[in-house]
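Structural overview for review
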Amino acid sequence: MDPILSEIDKALKRKGLSDAAASRLAVGHPSLLKNFRIPRGSTKRYNVDALQKLAEVLDLEFYFGEPRETEAAPELELDKAAFSVVPRLDGHVAAGDGFINLEGEPVGHLAFTKDWLERTGVLPGSCFLISVRGDSMSPCIADGDLVMIDRRRRQIVDGKVYAFNDGENGTRIKRLEVIPETAIILRSDNVAYEKEHRTGEEMNLISQAIIGQVVWSGHKW
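Numbering of residues starts from 1 in each chain and follows the order in which that chain's sequence is written. Local features in a predicted model are, by the rule used here, given only for residues with pLDDT of at least 70; side-chain atom pairs are given and counted only at 80 or more, and totals for whole chains, interfaces and linings are based on all residues. No hydrogens and no water enter the side-chain calculation; it runs on all heavy atoms of the structure.

**Description of the overall build of the protein chain**
Segments assigned H or I by DSSP are reported as helices when at least four residues long, segments assigned E as strands when at least two residues long, and all are numbered from the N terminus. Helix and strand content of the protein chain: six helices and eleven strands. Rg of the C-alpha trace for the protein chain: 19 Å, near the compact-globule value of 17 Å for 221 residues, within the 12% margin. The principal-axis extent of the C-alpha atoms belonging to the protein chain is close to 55 × 50 × 35 Å. Within the protein chain, buried positions represent 38% of all 221 residues. It only takes one pair of heavy atoms within 4.5 Å for two residues to be counted as in contact. Across the protein chain, every contact between residues at least 6 apart in sequence was considered, and the portion connecting residues at least 24 apart equals 57%. Surface accessibility follows the Shrake-Rupley procedure with a 1.4 Å probe radius. Residue values consider only the protein chains on display as shielding. As presented, the protein chain carries roughly 13000 Å² of accessible surface, and 50% of it is formed by carbon and sulfur atoms. The quantity called the radius of gyration is restricted to C-alpha atoms. Its globule counterpart is 2.2 Å times the number of residues to the power 0.38. Relative accessibility thresholds used throughout: buried, under 20% of the residue-type maximum; exposed, over 50%; partly exposed, between the two (1.4 Å probe, protein chains only).

**Examining the state of the cysteines**
In this description, the term disulfide denotes a pair of cysteine sulfurs within 2.5 Å. Inspection of the entire model under this criterion finds zero disulfides. The closest cysteine sulfur to the non-disulfide-bonded C127 is located on C140, 17 Å from its own sulfur. Its relative accessible area of 2% is what places C127 among the buried residues. For C140, a relative accessible area of 41% puts it in the partly exposed group.

**Considering the confidence of the model for the protein chain**
In the predicted model, the protein chain carries a mean pLDDT of 86, and the fraction of residues at 70 or more is 91%. Averaged pLDDT values for the elements of the protein chain fall to 74 in strand β1 (residues 75-78) and rise to 96 in strand β9 (residues 183-187). Note on scores: pLDDT gives the predictor's confidence for each residue, bounded by 0 and 100.

**Describing the packing of helix α2 (residues 19-27) against helix α4 (residues 48-57)**
To get an axis, a line is fitted to the C-alpha atoms, and for a helix only the part in contact is used. The angle between two axes follows their N-to-C directions and goes from 0 to 180 degrees. Packing of α2 against α4 brings their axes to within 8 Å, and their N-to-C directions diverge by 115°. It follows that α2 is roughly perpendicular to α4 by the angle criterion. The way α2 lies across α4 gives a crossing that is right-handed. Where α2 approaches α4, its residues A22, L25, A26 and V27 are matched on the opposing element by A50, K53, L54 and V57. Put simply, Ala, Val, Leu, Ile, Met, Phe, Trp, Tyr, Cys and Pro go in the nonpolar bin, Asp, Glu, Lys and Arg in the charged bin, and everything else, Gly too, in the polar bin. Here the contact of α2 with α4 is built from residues that sort into seven nonpolar, no polar and one charged. The cut-offs work like this: below 35 degrees is roughly parallel, past 145 is roughly antiparallel, 65 to 115 is roughly perpendicular, and the gaps in between are oblique. Left-handed describes a crossing in which the near helix is turned anticlockwise from the far one by less than a right angle; the clockwise case is right-handed.

**As for the environment of L89**
Counting through the fold element by element, L89 comes out in strand β2 (residues 81-94). Among the residues examined, L89 registers a relative accessible area of 8% and is labelled buried. Sequence-wise, L89 and P124 are 35 residues apart; in three dimensions their C-alpha atoms are separated by 14 Å.

**Topic: the pairing of strand β11 (residues 210-218)**
In the sheet, strand β6 (residues 146-150) pairs with β11 via five bridges, with the strands oriented antiparallel. Residue M148 lies in a different strand from β11, and its bridge partner there is W216. Only when DSSP finds a minimum of two bridges between them are two strands counted as paired. As judged from the three bridges shared by strand β7 (residues 161-165) and β11, these two strands associate in the antiparallel manner. The residue of β11 that forms the bridge with A163 is G212.

Given below as structure tokens:
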């Protein structure tokens, strides 16, 4: 079987979506996957843009390049349920002056069920936890919250939240949008903060400094 379709089928089952439903969410019409399944000779060709949108709907990684190594996450079992352990790193992400010590020893760990991680398409060996400072992303992410960053997801998808290095501004988290070949827009969920536009070389610097996508947050009460 086509390996791409095989991964798609497994993801559809995890998400509980039909071909038509996933297609609508990805491209706005129900025929995308139907067209993917039509035999087209010995070599199948995919529409790259459509495949990327489908990967986002199905929580699959869309990647082309040298193989990337992923460390195996520590595991444990509690009450017959399997858990994977994700490290918490020193530092914080913020509206400004944030930092993350990616090379240092973890300052703590948090366990997540393997079942949940698999259903959401998260590889724990590629993730870390970091605290948030500031209110620029509230109410979605509040001051003091803990967020999980997936380092595999560095390709900007409009509307998703990313951690990135922003030069003298430090390590930040913002909701990002791309205007192709024009600008990257940095949005805060808190309406008190104005959106920021980065163009030209500043746009390239942001796109090259993505640490990863926020895939989970733990709210502080």
